[in-house]
Amino acid sequence: MRNRMVRSILTSVLTLCLMGMGAAGELLAQDAASWVVPRTPDGRPDLQGNWSNATMTPIVRPNGVGPVLTAEQVATLEDGRRLFIEEEAQASNPDREAPPVGGEFSGDPLLDGASGGTGGYNYFWIDGGDRIAVYGGEPRSSLITHPADGQRPPLNDEGQQAVAERRAFTARFGAYDNPENRPLAERCLMSFGSNGGPPMLPNYFYNNNYTIVQTPDHVMIFTEMVHDVRIIRMGEPKPLPAHIRPWMGDSWGRWEGDTLVVETTNIHPDQALASISAAQFYPSEKIKVTERFTRTDENTINYAFTVDDPGMFSESWGGEVPFERMDGLLYEYACHEGNYALSNVLSGARAQEREGRQNQPDQR
Amino acid sequence: MMVPRVVSRGAGARGLLVSLLTFAIVTAPDLAAQSGEVPRLASGQPDMNGIWQVLGNAHWDIEPHAARAALAMQPGPVVPVPANEVLALGAIGSVPSGYGVVVGGEIPYLPEALAKRDENREHYLERDPEIKCYLPGVPRATYMPFPFQIFQSDSKFFISYEYAGADRDIYLEDPGPAQVDSWMGQSVGRWDGDTFEVHVTGLIDQTWFDRAGNHHSAAMTVTERYTMVGPDHIMYEATIEDPETFSRPWTIRMPLYRNVDPNARLGQFKCVEFVEELLYGHLRKNPIRE
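Residues numbered from 1 in each chain as written. Chains lettered and ligands numbered in written order. Predicted model: local features only at pLDDT ≥ 70, side-chain atom pairs only at ≥ 80, totals over all residues.

A. Broad picture of the sheet that holds strand β8 (residues 195-201) of chain B. All names here are of chain B. Sheet architecture is open: 9 strands sit in the order β6-β5-β4-β1-β11-β10-β9-β8-β7, paired in antiparallel fashion. Each having just a single partner strand, β6 (167-169) and β7 (186-192) make up the two edges of the open sheet. In this sheet, adjacent strand axes meet at a mean angle of 25° when their direction is disregarded. Bridging between β8 and strand β9 (residues 221-230) involves 6 bridges; their strand directions are antiparallel. Bridge pairing in β9 places Val 198 opposite Glu 224. (Pairing = 2+ DSSP bridges. Helix = DSSP H or I, 4+ residues; strand = E, 2+ residues; numbered from the N terminus. Axes fitted to C-alpha atoms, helices over the stretch in contact; angles between N-to-C directions.)

B. How the structure looks around helix α4 (residues 111-122) of chain B. Here α4 of chain B spans 17 Å end to end across 12 residues, near enough to the 16 Å set by a 1.5 Å rise per residue. For α4 of chain B, a buried count of 0 out of 12 residues is recorded, marking the element as mostly open to its surroundings. (Expected span 1.5 Å × (residues − 1). Buried ≥ 20, exposed ≤ 12 C-beta atoms within 10 Å, placed from the backbone.)

C. Molecular detail of the interface of chain B and chain A. Each side of the interface is counted separately: chain B has 32 residues, and chain A has 35 residues. At the level of elements, β4 (148-152), β5 (157-161), β6 and α6 (276-280) of chain B are the ones that each hand at least two residues to the side of chain B that touches chain A. Counting residues per element, the side of chain B that touches chain A draws most heavily on β4 of chain B, which supplies 3 residues. (Contact = placed C-beta atoms within 7 Å.)

D. Fine view of the nonpolar core. Met 220 of chain A together with Phe 158 and Ile 234 of chain B are the most contacted members of the largest nonpolar core, which totals 109 residues. The element contributing the most residues to this core is strand β10 (residues 233-241) of chain B, with 5 residues. The residues contacting Met 220 of chain A, other than those within four sequence positions of it, are Val 213, Val 229 and Ile 231 of chain A together with Phe 151, Phe 158 and Ser 160 of chain B. Judged by nonpolar contacts, the second largest core, of 5 residues, contains Tyr 176, Leu 346 and Ala 349 of chain A together with Leu 283 of chain B. (Core = buried A, V, L, I, M, F, W, Y, C linked by C-beta atoms within 7 Å.)

E. Geometry of the environment of Ser 191 of chain A. Tracing the chain through its elements places Ser 191 of chain A in the loop between α5 (157-170) and β5 (209-215). The spacing of Ser 191 of chain A and Tyr 333 of chain A is 142 residues in sequence and 10 Å in space, taken between C-alpha atoms.

F. Quick look at the pairing of strand β1 (residues 50-54) of chain B. Residue and element names in this part refer to chain B. Residues Gly 50, Trp 52 and Val 54 line the buried face of β1, whereas the alternating positions Ile 51 and Gln 53 sit on a face that is not buried. Pairing of β1 with β4, which is carried by 3 bridges, proceeds in the antiparallel orientation. When the bridges of β4 are listed, Ile 51 appears paired with Gln 149. Where β1 meets strand β11 (residues 250-258), 3 bridges bridge the pair, whose relative direction is antiparallel. By the bridge assignment for β11, Val 54 is matched with Leu 256.

G. Fine view of unusual backbone geometry. All names here are of chain A. Of note, the amide linkage connecting Gly 197 to Pro 198 takes the cis form, showing an omega dihedral of -10°. Residue Pro 199 follows Pro 198 across a cis peptide bond; omega there is 0°. The residue Pro 199 is located in the loop between α5 and β5 in this model. Not every positive phi belongs to a glycine, and Val 226 is a case in point at roughly 60°. By C-beta crowding, Val 226 is classed as buried, having 23 other C-beta atoms within 10 Å.

Okay, structure coming up:
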């Protein structure tokens, strides 16, 4: 983790330096021009290796920003991020007093969300992305690119009905009544972002890392978060029965020229997709996600996705995310084996109840 | 068939039994003699891509064992009977016999480690990490009663196990000592002729070998050897070294069988959610059991 962070800070600094150095920029352009896509023995583009989709660019476009950021906007955002990371990466003061009751918040949603304002994580542990996503040469303000406003379309009537039914059910419980009332990540079932997806999107916190292994009849994508594996079979789909809905669905792949196209159906109804964003939704049984993987240079896979879910949305929508090659290795994310948090969350709620305090309803 | 050299330990019926059972453990050259063509990658290495599974009962107990009524027992008026916690499963909860996969028949425990194994058996329900859906470790992942899939290319060798969604990226370049110990360890593979040899280090001490309390320390290293002995069979060997637990290195050996169904695929067995009632049920606002 530390090596990764040092690397990413360095890369960030280098990137900023290069922006002001015309000669170096031309050198990069020459390299790009002479690059030839590496191929597997069966002639397909070689997507194998370790990749990361960590980025500062949010899933949903912020208000008042165009789809493509200016160089000045990028520099301001990345520079601010770098300074924030450097500051937060300082060693903790061992003599500091306990934080005040209720926590002490930094203003950074990631840091505050992770620690509850008690200093649970400092930035040593966090690698949420320190650069703006550049796709096809454009620095992007959101990962969602269609519709053109960068927003996920609103739910259709069927989708609203499904959400209302889900809320009516969960509202029967307090948020801390049962393990099943807690989010998937707290239960160590899935990543807190939709890292595994599909669509595979960054979680803005840590471990946005993937390993791809490719054979003539399979593409295997290993997701560091919760050691999830997507096994994509190549060829004519033989879909699963409708009632079998694995967490990351049933994926089939094919090649369209040099692009790997993957179609996924049967995604688990409780898999929170596009989570950590205003675009979060739960898939209906009608969902189909189409992903397109294109190797564009030595260090980049362009990843594009389209969500078709007529049980939730009246129109399809999607986005584009660069996956960048990472030099480091992935770690084992053995979440469940060390999950003291879930026991403590539940027993803490029981202790509060003994003191006569009730918890808020489950509003997921 | 070549007869493995076995020295029976001790005289009498027990020694004879171990010796006879050991005869059943075949060696790689035996199967190679019966084999067809081994599939190969363009690079010439044996192509182990596919879905594989061990047959047999090593997952219950890697040592030779007779069938018994249940994994957890309690005293009965005449003979021991299944413990209350597992009684409802009836014959489904019974343990089938197995002829063992340990070369030589017995695990060479140090005396204190053997005592701990026996204690593990007495406290089986509280201690077996499989009950809690913990990652299985190596070599246990191989012979869990679930298939696993090998993804092999010229540059990668990756194993995805159905049980608990465990995985191993077997590095073909040694990254140096493991930075942290982990449930599945750090695996580094190399080709020794047509055998894929994997050295596994960085293993924590909390995994077991089977459902019989067989255990190890964090000093354990495992050397696995995968040898294709035909298009649909891999002879699997794992040599265990752990001087804190065992008096000498020892080896398990068993064939891996390819699932030849063209529609075969791994299922998803994310058992974490299946054990939430067991692990957290007492912390519900309104527990559903005493």
